[in-house]
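# Fold and geometry: a report
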Amino acid sequence: MPMIYKPRADGYEIKHPVLDCPGGNTFVGDIFTSVAEPGKEITSGFYRQEDGEALEYTYDYDEMKIILEVVGEYIISDETGLSVSVKPGDVFYFKKGSTVTFKNTGGYGYAFFVGARPADTA
């Protein structure tokens, strides 16, 4: 079975806003989803949080993110009070049920993610 390749131009630049984000400054783009039985899919892609209103998100699946770029101050916090000023190279694991807040001031945060979920159909 050959590998599947997508060049940078075919997904790195996210253009799809997260529809339920109140500030319109959160973007996600699924790139690959595994071929698996329903409920066992794995999806990967890119996530961008721009300057503006924070996004609070409760995960209904496990997800991992690696931070690729940060301009300005990018803060990720959870419902326990843990708050991190994010830097490129930081890696996060958000367990199913976690409530996480993403906030950027003065620029954007950019990440690659892998989540135990089907492809976004929106």
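Details of the structure are given in the entry above.
Now for a look at the structure at hand. (Residues numbered from 1 in each chain as written. Predicted model: local features only at pLDDT ≥ 70, side-chain atom pairs only at ≥ 80, totals over all residues. Heavy atoms only, no water.)

### Notes on the overall build of the protein
Put simply, the rule reads: The way it works is that DSSP assigns letters per residue, a run of H or I at least four long becomes a helix, a run of E at least two long becomes a strand, and they are numbered from the N terminus. Put simply, the radius of gyration uses C-alpha atoms, and a globule should come to 2.2 Å times the residue count raised to 0.38. Each residue's exposure class comes from its accessible area (1.4 Å probe, protein chains only) as a fraction of the maximum for that residue type: buried when under 20%, exposed when over 50%, partly exposed otherwise. We call two residues contacting when some pair of their heavy atoms lies within 4.5 Å. To measure how exposed things are, a 1.4 Å probe is used in the Shrake-Rupley method; for residues, cover is taken only from the protein chains shown.
Within the protein, the regular secondary structure consists of zero helices and seven strands. Listing the helices and strands of the protein from first to last along the sequence gives β-β-β-β-β-β-β. Expected size for 122 residues packed as a compact globule is a radius of gyration near 14 Å; at 14 Å, the protein falls within 12% of this value. Across its three principal axes, the protein shows a C-alpha extent of roughly 45 × 30 × 25 Å. Within the protein, buried positions represent 35% of all 122 residues. Across the protein, contacts joining residues at least 24 apart in sequence account for 67% of those joining residues at least 6 apart. In the form shown here, the protein has an accessible surface area of approximately 7,400 Å², with 58% of it arising from carbon and sulfur atoms.

### Quick word on the nonpolar core
Selection criterion: Here, nonpolar core refers to any group of buried Ala, Val, Leu, Ile, Met, Phe, Trp, Tyr and Cys residues whose side-chain atoms link them within 4.5 Å.
Counting 17 residues, the largest nonpolar core has Ile67, Tyr74, Ile76, Phe94 and Phe102 as the members making the most contacts within it. Of all the secondary structure elements, the ones that give two or more residues to this core are strand 4 (63-78), strand 6 (91-94) and strand 7 (99-115). Every residue in contact with Phe94, bar those within four places of it in the chain, is listed here: Tyr59, Tyr61, Asp62, Glu63, Lys65, Ile76, Val100 and Phe102.

### Observations regarding the packing of aromatic side chains
Formally: Aromatic contacts are taken between Phe, Tyr and Trp rings whose centres are within 6.5 Å, Trp giving its six-membered ring; a plane angle under 30 degrees counts as stacked, one over 60 as edge-to-face, and the others as tilted. Consider the ring centre and the ring normal. A charge sits over the ring if Lys NZ or Arg CZ is within 6 Å of that centre and within 35 degrees of that normal.
Throughout the structure, instances matching the rule amount to nine aromatic pairs. Measuring from ring centre to ring centre gives 5.2 Å for Tyr47 and Phe102, while their planes differ by 50 degrees; the resulting arrangement is tilted. One end of the pair, Tyr47, is in strand 2 (residues 43-50); the other, Phe102, is in strand 7, with 55 residues separating them in the sequence. Judged on exposure class, the residue Tyr47 and its partner Phe102 are both buried. Its guanidinium or amino end placed over the ring of Phe32, Lys6 lies 5.3 Å from that ring's centre, counting from NZ or CZ. One residue, Arg48, lies across the ring of Tyr108, its end atom 3.9 Å from the ring centre.

### Section: the pattern of salt bridges
A side chain of one charge can pair with a side chain of the opposite charge when the charged atoms of the two come close. Short version of the rule: Every case where a carboxyl oxygen of Asp or Glu lies within 4 Å of a side-chain nitrogen of Lys or Arg is listed as a salt bridge.
All told, the structure shown has three salt bridges when counted by the stated rule. Put simply, Glu63 and Lys65 hold a salt bridge, and the shortest N to O gap is 2.4 Å. Accessibility classification places Glu63 together with Lys65 in one group, the buried group.

### Regarding the environment of Gly106
Mapped onto the fold, Gly106 is located in strand 7. Counting along the chain gives 35 residues from Gly106 to Val71, while the straight-line C-alpha distance between them is 6.9 Å. Aside from chain neighbours lying at most four places away, what touches Gly106 is Asp51, Val71 and Gly72.

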